[in-house]
Every structure is written in structure tokens, then in C-alpha cells.
Amino acid sequence: MSGELLFYRADDGVIATARIDTNGIFTELAEGQLSPEWTHTNALGRELLFYRSDSGVIATGRIDTNGIFTGLAEGKLSDSWTHITSLGRELLFYRSDTGVIATGRIDTNGIFTELAEGQLSPGWTHINALGRELQFYRSDQGDIATGRIDTNGIFTGLAEGRLSDGWTRITSLGRELLFYRSDTGVIATGRIDTNGIFTELAEGQLSPEWTHINALGRELQFYRSDTGVIATARIDTNGIFTELAEGQLSPAWGLITSVV
């Protein structure tokens, strides 16, 4: 599956879009301008949610398959959400200091609807969606937990466990996960089934200091914000990593969002 990417710079609001095909080849598509200072961007199909954690302001938009951005709607939520995770048309909002969660939905017109609220443990540093299931991870101690959100936004806890600590990036591809340490370049892969059970798959070594890792289908895009260097790769359903291509973009992109 190929897909598009949105690149965003929070200091000036500049955006650019691009496509990565199933061979890992990168193609630039379009450029544009949005408001600055968005702290989170999430894709739900072709639609995007933009959020500012200091004010709670949100906006929605759409990217077509040519990389053209269209604004849709604006609104306001609670401020201070630290993590926002997309699951289909639904979103999970989480505050790492308190563990408070809320769920919502964005329709294809970019309209946001609140669904439910709840409480989890505080301190999770990473949250990843795999279908309707979620994986929570604490980088300081390696704790993990899994849960599920249904289409009504109701959260159900599934399982708990423990992995190595110190992973800085975790990216989901279907039912599989890539774990990456930016200081050493060490990687590991795993799988979470629909019951929330985690299985380790493989280990490996990449270059250190990638700041962003995005999945588009089975393909991955790696980016270094200090230099603009990119690389692409693929992970199969057995968690095996294969390098595909390398390239060069502008540095200093702060947020990169996959749209597939």
C-alpha cells in the first residue's frame, strides 16, 4: 500500500506533502501554509485533526491523493492532552500526568463528536493503535499494557506485561510494532493480537538519531530533523526488516503524519 505524508513546521505553519510507494520511493507532491503552533496532527482516513495542547483549539482538514490540503472545520477541546491516537474514525486523548482519557470521533466532513471519558494509569510515554487495540508503553521501566476502544469510544483493558526500557520510537504496521532506540539504533519487532497479547518477533540494528518514523502500509519512512536525511524500509508480517531507499529532504520538519 502506498500512501501520502504531511510534513508540518510548528514555528511558521509551512506544510508539504509527499508520497511513498511500495518500493519505498519518495515523491514530493505539494506545498502550503497553515496556522503555526499546532502540537499534534492525527490522520483518520483522508481527514486530519490538528490540536494545540496549550489552548485546546482544534481544526480539521483533508488531504487528497494528489497531496492537496483542504481545511474543513474548527473547534475547541480541553487543553493539556499529551497523547492523541487514531483508531479508524475514533480518537483516544490521554494526559500522562493524570491518566485521564477521553474519546471522540471525526466524520468525513471533519466534524468532531465527543464520545466518552475515563481514567487510566499515568506515566505512559507511548501509545500505539493496531486495529481497534492499543499498546501502552513506559520508556523509564519498560511496562506495557494493552486495551481496546470500540466504535462508541468505550475503553476496555486487555493485558499487561514488561519489555526492555529505553525505546524512544514505537511505530505500528498492521498488527506488528517496530521499537527503535535513537541513541544506539537498536530495533526490535513484535506483534499484538486481537486479545492484546504481545509476542516478540525479531531484533536488529539501524543507524542512530532518526527523529521520526512513520508507517504507510508495510513501508516505513525514517527522517532526521537536523539534517533532512530520509530512508525507507519495509517490515513483513514476521517482523523482518528490509531497507529500501535513501534520500534528502529539507531539515526542521517537526510533525510528520501518514495518510493512507
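Just so it is clear, the structure is predicted and the values come from calculations on it, not from any experiment. (Residues numbered from 1 in each chain as written. Predicted model: local features only at pLDDT ≥ 70, side-chain atom pairs only at ≥ 80, totals over all residues. Heavy atoms only, no water.)

1. Digging into the pairing of strand β13 (residues 133-137)
In step 1: Burial analysis of β13 places five of its five residues in the buried class, the great majority of the element.
In step 2: Pairing geometry for strand β12 (residues 126-130) and β13, over five bridges, is antiparallel. In the strand pairing of β13, Ile 127 is matched with Phe 136. (Buried < 20%, exposed > 50% of the residue type's maximum accessible area, 1.4 Å probe, protein only. Helix = DSSP H or I, 4+ residues; strand = E, 2+ residues; numbered from the N terminus. Pairing = 2+ DSSP bridges.)

2. Some remarks on the pattern of salt bridges
In step 1: Applying the stated rule across the entire model yields 21 salt bridges.
In step 2: A salt bridge links Glu 47 to Arg 89, with the nearest nitrogen and oxygen atoms 3.0 Å apart. Here Glu 47, found in strand β5 (residues 47-51), pairs with Arg 89, found in the loop between β8 (83-87) and β9 (90-94); they are 42 residues apart in sequence, far enough to count as distant.
In step 3: Looking at Arg 89, the relative accessible area reads 23%, which means it is partly exposed.
In step 4: Between Arg 175 and Glu 133 there is a salt bridge; the shortest N-O distance is 2.9 Å. Here Arg 175, found in the loop between β16 (169-173) and β17 (176-180), pairs with Glu 133, found in strand β13; they are 42 residues apart in sequence, far enough to count as distant.
In step 5: Residue Arg 175 is classed as partly exposed on the basis of its relative accessible area, which comes to 23%.
In step 6: The class for Glu 133 is buried, based on a relative accessible area of 4%.
In step 7: When salt bridges that share partners are traced, they join Glu 4, Arg 19 and Arg 46 into one network. (Salt bridge = Lys/Arg side-chain N within 4 Å of Asp/Glu carboxyl O.)

3. Considerations on the packing of aromatic side chains
In step 1: Enumeration over the complete set of coordinates arrives at 14 aromatic pairs.
In step 2: Plain terms: the ring middles of Trp 124 and Phe 136 are 5.8 Å apart, the flat faces sit at 50° to each other, and that makes the pair tilted. In this pair, Trp 124 is assigned in the loop between β11 (112-119) and β12 and Phe 136 in strand β13, connecting sequence segments twelve residues apart. Assigned by exposure class, Trp 124 and Phe 136 land together as buried.
In step 3: Through pairs of rings, three or more aromatic residues link up here, namely Phe 7, Phe 26, Tyr 223 and Trp 253. (Phe/Tyr/Trp six-rings, centres within 6.5 Å; stacked < 30°, edge-to-face > 60°.)

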